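Residue-level structural notes
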Amino acid sequence: MIGVYIVGGYPNIEDFKSLFRYLQNSKVDFIEVGLPFNDPVADGPIIAEAIYKTIEKGITVGDILEVISKEKKSKKTYIMTYSNIIFNLWIKVEDNIRIGHNVGFFRFFLFTYNL
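Since this is a predicted model, take the numbers as computed values, not measurements.

Within the protein, the secondary structure is distributed over five helices and four strands. Mapped from its N terminus to its C terminus, the protein presents α and β elements in the order β-α-β-α-α-β-α-α-β. The buried share of the protein, reckoned over its 115 residues, is 41%. Of the contacts formed within the protein by residues at least 6 apart in sequence, a portion of 80% connects residues at least 24 apart. Surface summary for the protein: the accessible area is close to 7000 Å², and the carbon and sulfur share equals 56%.

Moving on, we come to the packing of aromatic side chains. Across all of its chains, the model carries two aromatic pairs by this definition. Judged by centre distance (6.1 Å) and plane angle (35°), the ring pair of Phe-16 and Phe-20 falls under tilted. You can see Phe-16 and its partner Phe-20 sitting in helix α1 (residues 13-24), four residues apart, about one turn around the helix. Residue Phe-16 is classed as buried on the basis of its relative accessible area of 0%. Look at Phe-20 and you get buried, because its relative accessible area is 0%. Their ring planes at 85° and their centres at 5.4 Å tell us that Phe-30 and Tyr-78 sit as a pair that is edge-to-face. Within this pair, whereas Phe-30 is found in strand β2 (residues 30-34), its partner Tyr-78 is found in strand β3 (residues 76-82), the two being separated by 48 residues in sequence. An identical accessibility class is assigned to Phe-30 and Tyr-78; each is buried.

The next point concerns the nonpolar core. Grouped burial of nonpolar side chains is what soluble globular proteins tend to show. Counting 15 residues, the largest nonpolar core has Ile-6, Phe-16, Ile-31, Val-33, Ile-64 and Ile-68 as the members making the most contacts within it. At the level of secondary structure, the elements contributing two or more residues to this core comprise α1, β2 and α3 (61-70). The element that contributes the greatest number of residues to this core is α3, accounting for five residues. The contacts of Ile-6, once residues within four sequence positions are left out, are Phe-16, Leu-19, Phe-20, Leu-23, Ile-31, Glu-32, Val-33 and Gly-34.

Moving on, we come to the packing of α1 against α3. Packing of α1 against α3 leaves a shortest axis separation of 10 Å and a crossing angle of 35°. Pair α1 / α3 crosses with right-handed handedness. For the pair formed by α1 and α3, the contact residues are Ile-13, Phe-16, Lys-17 and Phe-20 on the first element and Asp-63, Ile-64, Val-67 and Ile-68 on the second. In terms of residue class, the contact of α1 with α3 is built from six nonpolar, no polar and two charged.

Another aspect to go through is the pattern of salt bridges. Within this structure, the stated rule accounts for four salt bridges. Across the salt bridge formed by Glu-71 and Arg-21, the nearest N and O atoms sit 2.7 Å from each other. Of this pair, Glu-71 sits in the loop between α3 and β3 while Arg-21 sits in helix α1, placing them 50 residues apart in sequence. Taking relative accessible area as the criterion, Arg-21 reaches 39% and is therefore assigned partly exposed.

About the criteria used
- Residues numbered from 1 in each chain as written.
- Predicted model: local features only at pLDDT ≥ 70, side-chain atom pairs only at ≥ 80, totals over all residues.
- Heavy atoms only, no water.
- Helix = DSSP H or I, 4+ residues; strand = E, 2+ residues; numbered from the N terminus.
- Buried < 20%, exposed > 50% of the residue type's maximum accessible area, 1.4 Å probe, protein only.
- Contact = heavy atoms within 4.5 Å.
- Areas by Shrake-Rupley, 256 points an atom, 1.4 Å probe, with all protein chains shown as cover.
- Phe/Tyr/Trp six-rings, centres within 6.5 Å; stacked < 30°, edge-to-face > 60°.
- Core = buried A, V, L, I, M, F, W, Y, C linked by side-chain atoms within 4.5 Å.
- Axes fitted to C-alpha atoms, helices over the stretch in contact; angles between N-to-C directions.
- Left-handed = near helix turned anticlockwise from the far one by under 90°.
- Nonpolar A, V, L, I, M, F, W, Y, C, P; charged D, E, K, R; others polar.
- Salt bridge = Lys/Arg side-chain N within 4 Å of Asp/Glu carboxyl O.

Given below as structure tokens:
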């Protein structure tokens, strides 16, 4: 199986939309979309930099999930995020999860960080 990880909303929302659409028509088996979080402790420096740039542009979790929910999905789409997003923004995220689930999100991967 071949999978691709992309940071949601990077480098901007329009290019992310185009890349997501392109990957749906590519030879990959699944797509992992990372939701930006302001403290990406589990990510390497390259992904962390992409996340910071996305956040600096004001792109939100809702923006990313809206793009994904509106695109036709021919590939399994996984959402990867930190549990902090779910716990701290639950009301907003819950609405977007419902939207995403109804149009084909396959699975969420949540990462936690305990001190």
